[in-house]
Amino acid sequence: MSRTLLIAAVVIVIPAALGLSTFLFVLRPLLVQDVSPPVNEQIEVIPPGVVMVDFEESQATVLTEDPAVAAPLLMYRVSMAVSSPTARALIEEKKSWFSAMLSKLHRNRTRAELNDPFVQDNILRQARQEANLLLKKLAPGSNFEVIDVMYTKYAIIDL
């Protein structure tokens, strides 16, 4: 009788344990991954009243490693999204300050730097920060803000 109980226990317990472990370690992780909620990306909303300030096309000399080779030119054009038409008017009035700042950020860079998308984004971030500092110097106490700076033209031309 004890032998019969032992055989019945082995026949029932071992398949049940295998089935339970298969569910816990194989099927359950697959089901949990499929049920996870989708991640919603945060979209930055452009506030109402934003206006664009377009700058003229500019050039900067690209540094070369070989002085015998003609230096390429970086040709770029930048647009700034600003918080209000009043901020745009101030930037248009003092455009030389902003153009000089942009020129300073683009010159004395190598071709490898200027081809790197990370460096391009970094230049745009710096331009935004510098433009906001200029706005605070030119109109202290105002809430003028440069929201974004973007390239509308960006090309390195070999001469």
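Numbering of residues starts from 1 in every chain and runs along the sequence as written. Only residues with pLDDT of at least 70 get local features here, since the model is predicted, and only at 80 or more are side-chain atom pairs given and counted; chain-wide, interface and lining totals rely on the full set of residues. The side-chain figures draw on all heavy atoms in the structure; neither hydrogens nor water molecules are used.

### Section: the packing of aromatic side chains
Here is step 1: Note on aromatic pairs: the rings of Phe, Tyr and Trp (six-membered ring only in Trp) are paired at centre separations within 6.5 Å, and the planes decide the class, stacked below 30 degrees, edge-to-face beyond 60, tilted for the rest. One pass over the full model with this rule turns up one aromatic pair.
Here is step 2: Seen from their ring centres, Y151 and Y154 are 4.7 Å apart, and the 55° between their planes marks the pair as tilted.
Here is step 3: Its relative accessible area of 19% is what places Y151 among the buried residues.
Here is step 4: Partly exposed residues are those whose accessible area sits between 20% and 50% of the maximum for their type, while under 20% is buried and over 50% is exposed, using a 1.4 Å probe and protein chains only. The partly exposed category is assigned to Y154, whose relative accessible area is 23%.
Here is step 5: Its end group placed over the ring of F55, K95 keeps NZ or CZ at 5.3 Å from the ring centre. In our convention, an over-ring charge means Lys NZ or Arg CZ found within 6 Å of a ring centre and within 35 degrees of that ring's normal.

### Regarding the pattern of salt bridges
Here is step 1: One side-chain nitrogen of Lys or Arg within 4 Å of one carboxyl oxygen of Asp or Glu is enough to make a salt bridge. Here the structure, examined in full by the defined rule, presents eight salt bridges.
Here is step 2: When the shortest N-O distance is used, the salt bridge between D158 and R111 registers 2.6 Å. Taken together, the residues D158 in the segment after strand 5 (146–157) and R111 in helix 4 (residues 111–115) connect sequence positions 47 residues apart.
Here is step 3: What makes D158 exposed here is its relative accessible area of 52%.
Here is step 4: By relative accessible area, R111 is classed as partly exposed at 30%.
Here is step 5: Put simply, E56, R88, E92 and K95 are held in one network by salt bridges that share partners. Helix and strand labels come from DSSP, where a helix needs a run of H or I of at least four residues and a strand needs a run of E of at least two; each type is numbered from the N terminus.

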